[in-house]
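Here's the letter readout for the chains.
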Amino acid sequence: MQSIHLASDHTGVDLKTTLAEHLGKMGINVINHGTDSRDSCDYPVLAHKLCAAVEASGELGILICGTGIGVSIAANRHSGIRAALCTTELHARMSRLHNNANVLCLGARVTGVELAKAIVDAFLENSFEGGRHQRRLDMINLPA
Ligand code: RB5
């Protein structure tokens, strides 16, 4: 069974819950890294927790904050993470086909529930094309 990692800050709890149900109906095993509280919390903590799990497992992840910007900035500090902040289905499709994104970032204050579900579907239905796109991905990480 395919597993997907989910995490959000306090702004994304409702959307995360809705997406977890959506993924569950698709037969996907959801691994929830929190938060499950609407009390204010710090999005980098959740982003780093989820990214560590995605890097360790090789599975995909979804991160949610208010805009999606904070979690995407934090996630992309991980050398094994290619996080894509998506506001359209096209973003999600291309992030998989060309960028081999392994973390989808969403803004709960930006993207409505039905569009968010469609973005998640597009992210999961597409996979990396490789070829010239792999060469470009190999150029992204700076030398240690
Ligand atoms: C929290 O108010 C908000 O700053 C956070 O969810 C996120 O949008 C940051 O980028």
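Conventions adopted
Residues numbered from 1 in each chain as written. Predicted model: local features only at pLDDT ≥ 70, side-chain atom pairs only at ≥ 80, totals over all residues. Heavy atoms only, no water. Pairing = 2+ DSSP bridges. Helix = DSSP H or I, 4+ residues; strand = E, 2+ residues; numbered from the N terminus. Axes fitted to C-alpha atoms, helices over the stretch in contact; angles between N-to-C directions. Contact = heavy atoms within 4.5 Å. Parallel < 35°, antiparallel > 145°, perpendicular 65-115°, else oblique. Left-handed = near helix turned anticlockwise from the far one by under 90°. Nonpolar A, V, L, I, M, F, W, Y, C, P; charged D, E, K, R; others polar. UniProt positions renumbered as here; feature names shortened; annotations may be inferred.

This part is about the sheet that holds strand β1 (residues 3-8). Taken together, the 5 strands give an open sheet; going across it, the order is β2-β1-β3-β5-β4, and neighbouring strands pair in parallel fashion. Looking at which strands have only one partner, the edges of the open sheet turn out to be β2 (29-32) and β4 (83-85). Ignoring strand direction, the axes of neighbouring strands in this sheet form an average angle of 25°. By the bridge criterion, 5 bridges tie β1 to strand β3 (residues 60-65) in an arrangement that is parallel. Within the sheet, the bridge partner assigned to Ala 7 lies in β3 and is Leu 63. The sheet contacts of helix α5 (residues 113-125) involve β1, β3 and β5 (103-107), and relative to β5 the element is tilted by about 170°.

Here helix α1 (residues 13-25) crosses α5 at 50°, and the two axes come no closer than 10 Å. Judged on the interaxial angle alone, α5 and α1 are oblique. By crossing handedness, the relation of α1 to α5 is classed as right-handed. Of the residues in α5, those in contact with Leu 15, Thr 18, Leu 19, His 22 and Leu 23 of α1 are Val 113, Ala 116, Lys 117, Val 120, Asp 121 and Leu 124. When its residues are assigned to classes, the contact of α1 with α5 shows 7 nonpolar, 2 polar and 2 charged.

Using the residue numbers shown here, the UniProt feature "active site" (unreviewed entry) corresponds to Cys 65 and His 98. In terms of the greatest pairwise C-alpha distance, the residues named above, spread along 34 residues, do not form a single cluster, extending to 24.3 Å across. Of note, Cys 65 is situated in strand β3. Those residues within four positions of Cys 65 in sequence are excluded, and the remaining contacts are Asp 9, Thr 11, Tyr 43, Gly 70, Val 71, Leu 106, Gly 107 and Ala 108. Turning to its location among the elements, His 98 is positioned in the loop between α4 (89-97) and β5.

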